[in-house]
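Working through the structure, step by step
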Amino acid sequence: MVAYIVRRLMLAVLTVWAISVLSFIIIHLPPGDYVTSYIASMSASGSAVSEGEAQALREQLGLDKPITVQYAKWMELVLQGNFGMAMEWGRPVTDVIGDRLTLTIVISVAAIIFTWVVALPIGIYSAVYRYSFLDYLFTFVGFIGLAVPGFLLALIVMYLGFAYFGANVGGLFSPDYAEAPWSLGKTWDLVKHLPVPAIVLGVAGTAQLIRIMRSNLLDELRKPYVMTARARGLTEYRVITRYPVRVALNPFISTIGYLLPYVVSGSIIVSLVLSLPTVGPLLLKALIAQDMFLAGTIVLLLGVLTVIGTFISDLLLMWVDPRIRLGQR
Amino acid sequence: MTAEVAAAVAAPDSVAEQRIAVATQWQLMWWRFRKHKLALGATFVLAAFYLVAIFADFFAYVDPHASNAQRSLIAPQWIHWFDEGRLSPYVYGLKGARDPMTFKRVYKPDTSTKLPIVFFAHGEPYKLFGFIPADRHLFGIEGTDTAEALVLLGTDVQGRDLWSRLMFATRTSMTIGLVSVALSLVLGVVLGGVSGYFGGLTDTVIQRIIEILRSIPTIPLWMGLAAAVPSDWSVVQVYFAITIIISLIGWTELARVVRGRFISLKHEDFVMAAELVGCSKPRIIFRHMVPSFISHIIAATTLAIPAIIISETSLSFLGLGLRPPAISWGVLLQDAQDVQALVISPWLLITAFPVIVAVLAFNFMGDGIRDAADPYL
Amino acid sequence: MEMKRAVSVLSSFGLAAALALCPAVVAAQAAASPPLGASLIGKLEGPTIITDVKDYPKTFKEAPTLDAQVKAGKLPPVEKRLPDESQLLVIKPLREIGKYGGNWRRAFTGPADHENANRINSADKILTFDYTGTKIVPSLARDWKVSDDGKTTTIYLRKGAKWSDGKPLTADDFMFWYEDIYLNKNIVPTPFFEFQINGKDGKMRKVDDFTVAFEFPEPYSFFVYQLAGSTGIGAGFATRGAFQNFGGAYAPAHYLKQFLPKYSSEDAVNKKAKDLGFDNWVSLLKNRYSWALNNEVPVMTPWKTVSPINTPTWSMERNPYFWAVDTAGNQLPYIDRITLTLAENTEVANLRAIAGEFDIQERHMGLNKLPVFLENAKKGNYTVRLDPGLNGADVALHMGNSYEGDAEIAKLLRNKDFRHALSLGIDRDQLNEAFWLGVGASGSVAPAPDTIYSPGPEWNKKWAVYDPKQANELLDKLGLSKKDSDGYRLRADGKGRLRLEMITVGGSFVPFTAVGEMIKQQWKKIGVDVDIKEMERNLAFTRDNNNENQIITWANDGSEVLFLFPRHALPVDAAESHMGMAFARWYASGGTSGKKPDDPEMIKAFDLFRASYGMKDEERTKAAKEIWKIIVEQEWSIGTVGQSPAFMGVRIVKNNMGNIPDRQINAQHVRTPHSSWPETFYFK
């Protein structure tokens, strides 16, 4: 078992390295670099950037060196914990991401809580009262949630909010609290704005979860021990919750690990539509501006989270499934 | 099914039961599938979609690229179904002008002339399948330039007919899914199979590669790759580049399923029997092992398509996938990208319906196939 | 069905409104039908600068917030903070004396959007233009003189004017910039184009504590315009700092000295830089130079930064040492604070504006959203105004005059008749209707007829009308008369269909790609096939630099002030040129690199252009008109629709704001909205 863990760990490190290389390459694929992007945006606001300035900027940012050198330089910094300066923001990358990371996590956690709190009871209900009207209704709604792309739902929600409430439901803070430092009032303002993004983000996952929960629970409910429990005189409630539900929940535990990367990257597209100040829009802007440090760090971060998530998943799975623990593969 | 087969074995006299006993795997699957009404319905819906995709030129009634600023942002048209008691659909022509106070384009129906809608009308010429010249469309308006009169689903800001664009968008979006999934399928089956059957070092290496690929967060990867597609490529080239990019990620899931199957099947008796008899490895793989799980592969493949459709739609919506002048659902939805566009022209969101229906249909059909293929349910 | 009904109700309402206006419309048509949008375009107006010392106020007042600080002993009294009495900048507000107070809310889109507030804070320009954009008036400097031979331009500073930290602004700040920053090759590697005449550098000289002279080896009477325009040397320390390219002509010596190796040591400043997370002292200096990124740097602007631009909220508060007053002696500005909130993208900014969350916002507002703005004006309690631009084309098709890739196409692109034919095949009214809501003006790239360099209104229409018949004739005569089965012309070299490539830039204020698509449909009728390729801005510009683009769509803003911002009119600037980078390099390097144009008309335009900088005003204006005539006649860039409010011309103003002009000039050289003196805006 220890050997297994060690092997997985080594693999994780290798994977992270591979991701760093890949993300670096991808960011450098589009022709041009940050300076060309800078010149272009300066030009769009009618300003001059002379060739000499451009060259000086390149040298200053180290963009005129071959790509292997740039990568090495970046890795050197990363290993020291210095993720560089976000070129457009003129602030350290950690600062820029840090602001948004907290919010990203808050939103995603809210979405996950929404998903689980809504989906599990519905899934259980659907399994127990199979083919009832509510079951069909939930199944139908679930499917709609599955089929509607997240960004579309976000758009519709924004439109409805605007058309009927004249309000701008995008964003996470009211204008008054936007610049204020963190306080109880600001936290409450955030909570007030959370439902919309959380629901939009959570809907697709909810549908999926309901389906899986329902089918898992159905499988369990068919098993003989359930009938035995009933025959023994347990109340229906206990019959269902004491064993079948727990067993049905097993597969989810092993997928908890995957929640980690989802927490950061799952909300990207919806964030773009709802204009939430999270990592998603930041990444898109960074990719377009070819801001190497910022984009590279975000992708690396997401990759690392994924790897950690997978690792945790594997550990959990190993703990839950004795077959793996005992060495049979 | 087991009960039925058992019954058939017990009383082999009846014709139906005899049929079951000698039915091929595919016939059995089909009979089971037929029972799943939802899946069956979904299949018909998808067939209709693909019909539209193939015959898009026929279903559209004007050139989807033809712009006309004078017909910008017309709302969906009201069809009058009854003309003096008879079922004879017709529409009124529209005259438009920009209101100087609100800056919106205002359209007045011209009630003096009734323009009847005719089925199989003559219209814009096109080439069926790319080489057969034709000019009949599903419907149109005889005698007048259809472009001037018919706007079933309204027009966009450039005055292009939404219905016609939707027909062509269906073609692009439905086929991109197929191409992509086909690629994933090939990669997944081959690599997964090799990995599962041969095991050992090959297995380890391929598995590691799969893990690394799976660890890369997909959306940033797409964004990065899409941003990297050379923009001097033509629309068609970009289309294929995007499908390849999407499939490069998708194959890993399929590979894992295939590998899992191979591993479990490796130890089955019939495989050992084939080996003992002296069958070559390829023969064992393709003649004996693959058919036993191909139904699963089909199910997994079908269920992968909706995700691909949604990815393409999302990417194009963001401006990273297909871009104008290509027409796909994602590109059409880009027009409806902001709330203000929706406020002025909400009909631009109509494109959402085919997306939702197609995704649902694929899901139901995939569910149905999976249920039909798995003998243990 | 609900949707259809709602929409038809809406359109019938609109119809009713239109019908109700009918008599008015008819009456107007009887006169001369006003262009669409006329109701939203007001009279051009703005505040005036009082120059006669006799009219200067003698007593002064200040904002209550500053009053409190003075009473608490934290600030000297207002008379001590302002410059000497005769040295003030006195502004007569547009309508009335304003009231102090308020927080001006706006939207910005990120650290790259510094122009958003730079342009509000541009009073620190050395000189500036009046609200018509035609006359030079004083700003930071109170007066100027150009010598008769044009070789020396002298500016006179305001005695007693102080930086925002109370230290005096003197000629030493100018010399500091010149000697320690501009001449330091590590900081400014190449001289500024504006500070040279015919390739020869200018010099700065201190005459006395409050007088600075700019000296040139050859006549350069145009230089005073460079000081007044939005250039590297004239646009003011704040703006130049935000651009981080060390422009400005002056800088706060007492603050910036600590970041220069000259005043300590290279090691010391490098260490300082590394401690703060910067690569080296130049990066640190760049960061410290910018008023937007650094809230400690002293400024001469009406507002100074509190929370920097690289945070979700960029906020500013009043500068207690601002050196201007109104005619009643109130120290400006009236408004206490400006708060810009980060909008993830322009759509969000528009949405918030529609919801009435901003007080004055002209930046990022989309013309295509005009109907929604108008619909919500009452609920949002704001008014919508349109400020048309002065440039001829919001979308110009810049032809790749130095394109080399395909011999046949390169030959055609260099042929004037081919360019004319393409231009005649464009139905500009259609484009105007679809994308500019009919508010723009169809025409060539020539600037608006009422600008000083305009060669005349007929040049706005020359070669820029819709005449497919003539277009077809021209193309036939060029040997392109053979067509394929789809009706497209075949190439003369036998390589199949003639297909051009048009590069469009995505994600801009103007929908270049959509315009390109419409043009593609229109060119079908003249038999020309074109591939529209949308790409990111930097890729498109990189290809420009490598002469790879056949046609690229881009705006030609700024071209109306030909000499201050020539790059969108002529290929003369090697940093950005869309109609022939190889030629621009040739011009800029004085013939040592790049490629010489083979078009004699282009050489003629170059020569006139080069000579103009040394000419006197009258002669120069004549030269400009000649240059524009050549540009329009040769059509190196094809104009479509311009003179529109598409760029920063849709102005949303809350109804409780005062001293707001009905129409303000919308141009780059006046740094709109600075020309309307935002210092005089106030909350009623």
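Computed from a predicted structure; not experimentally measured.

Okay, the interface of chain B and chain C next. Of the residues lining the interface, 40 residues belong to chain B; the matching set on chain C comes to 47 residues. Interface of chain B and chain C: buried area, both sides summed, is about 3700 Å²; carbon and sulfur atoms make up 62% of it. Among the residues of chain B in contact with chain C, Arg98, Phe103 and Gln340 of chain B are the three that bury the most area, contributing 18% of the side total. Of the charged contacts, one joins glutamate 433 of chain C and arginine 98 of chain B as a salt bridge, the two residues approaching to 3.0 Å between their closest N and O atoms. At the boundary of chain B and chain C, one finds 9 residue pairs in polar contact (both at pLDDT 80 or more). Those elements giving two or more residues to the side of chain B that touches chain C turn out to be strand S3 (105-128) and helix H14 (339-344) of chain B. Partitioned by chemical class, the residues of the side of chain B that touches chain C number 19 nonpolar, 10 polar and 11 charged.

As a further point, take the side chain of lysine 654 of chain C. All names here are of chain C. Residue placement: lysine 654 occurs in strand S25 (residues 650-654). No salt bridge is formed by the buried lysine 654. Its closest oppositely charged neighbour is aspartate 359, at 5.6 Å. A polar atom in the side chain of lysine 654 sits 2.7 Å from the backbone oxygen of glycine 356. With sequence-adjacent residues up to four places away left out, lysine 654 is seen in contact with Arg105, Gly356, Phe358, Asp359, Gly380, Asn381 and Tyr382.

Before going further, it helps to spend a moment on the pattern of salt bridges. All names here are of chain C. Counted under the stated rule, the structure contains 50 salt bridges over all chains. Between arginine 491 and aspartate 493 there is a salt bridge, with the nearest N and O atoms lying 3.1 Å from each other. Residue arginine 491 is classed as buried on the basis of its relative accessible area of 10%. Of the charged contacts, one joins lysine 533 and glutamate 501 as a salt bridge, the two residues approaching to 2.8 Å between their closest N and O atoms. Note that lysine 533 is positioned in strand S21 (residues 529-535) and glutamate 501 in strand S20 (residues 499-505), a separation of 32 residues in sequence. Accessibility assignment for this pair places lysine 533 and glutamate 501 in one class, buried. One continuous salt-bridge network, built from bridges that share partners, spans Asp484, Asp486, Arg497, Arg499 and Asp529.

Take the packing of helix H14 (residues 416-424) of chain C against helix H17 (residues 468-480) of chain C next. All names here are of chain C. Packing of H14 against H17 leaves a shortest axis separation of 8 Å and a crossing angle of 150°. Taken together, the axes of H14 and H17 are roughly antiparallel relative to one another. Here H14 runs over H17; the crossing is left-handed. Together, Asp417, Phe418, His420, Ala421 and Leu424 of H14 and Pro468, Gln470, Ala471, Leu474, Leu475, Leu478 and Leu480 of H17 make up the contact between the two elements.

All names here are of chain C. Position of isoleucine 309 among the secondary structure elements: in the loop between strand S12 (303-307) and strand S13 (313-318). For the pair formed by isoleucine 309 and leucine 340, sequence separation is 31 residues and the distance between their alpha carbons is 8.8 Å. Beyond its immediate chain neighbours, meaning those up to four positions away, isoleucine 309 contacts Phe108, Gly110, Pro111, Asp113, His114, Ala292, Leu293 and Trp314.

Residues and elements named next belong to chain C. Spatially, the 4 strands line up as an open sheet ordered S6-S7-S11-S10, and their pairing is antiparallel. The sheet is open, and its two borders are formed by strand S6 (141-146) and strand S10 (203-208), each paired with just one other strand. The average angle at which neighbouring strand axes cross in this sheet is 20°, direction not considered. Pairing of strand S7 (residues 152-157) with strand S11 (residues 211-215) involves 5 bridges; the strand directions are antiparallel. Paired with threonine 152 across the bridge in S11 is glutamate 215. Sheet strands touched by helix H5 (residues 171-182): S7, S10 and S11. Its angle to S10, the strand with the most contacts, is close to 160°.

Reading the values: the criteria
- Residues numbered from 1 in each chain as written.
- Chains lettered and ligands numbered in written order.
- Predicted model: local features only at pLDDT ≥ 70, side-chain atom pairs only at ≥ 80, totals over all residues.
- Heavy atoms only, no water.
- Contact = heavy atoms within 4.5 Å.
- Buried area = accessible area lost by both parts, 1.4 Å probe.
- Salt bridge = Lys/Arg side-chain N within 4 Å of Asp/Glu carboxyl O.
- Polar contact = N/O pair within 3.5 Å; in protein donor to acceptor, adjacent residues only side chain to side chain.
- Helix = DSSP H or I, 4+ residues; strand = E, 2+ residues; numbered from the N terminus.
- Nonpolar A, V, L, I, M, F, W, Y, C, P; charged D, E, K, R; others polar.
- Buried < 20%, exposed > 50% of the residue type's maximum accessible area, 1.4 Å probe, protein only.
- Lys, Arg positive; Asp, Glu negative; His and termini not counted.
- Axes fitted to C-alpha atoms, helices over the stretch in contact; angles between N-to-C directions.
- Parallel < 35°, antiparallel > 145°, perpendicular 65-115°, else oblique.
- Left-handed = near helix turned anticlockwise from the far one by under 90°.
- Pairing = 2+ DSSP bridges.

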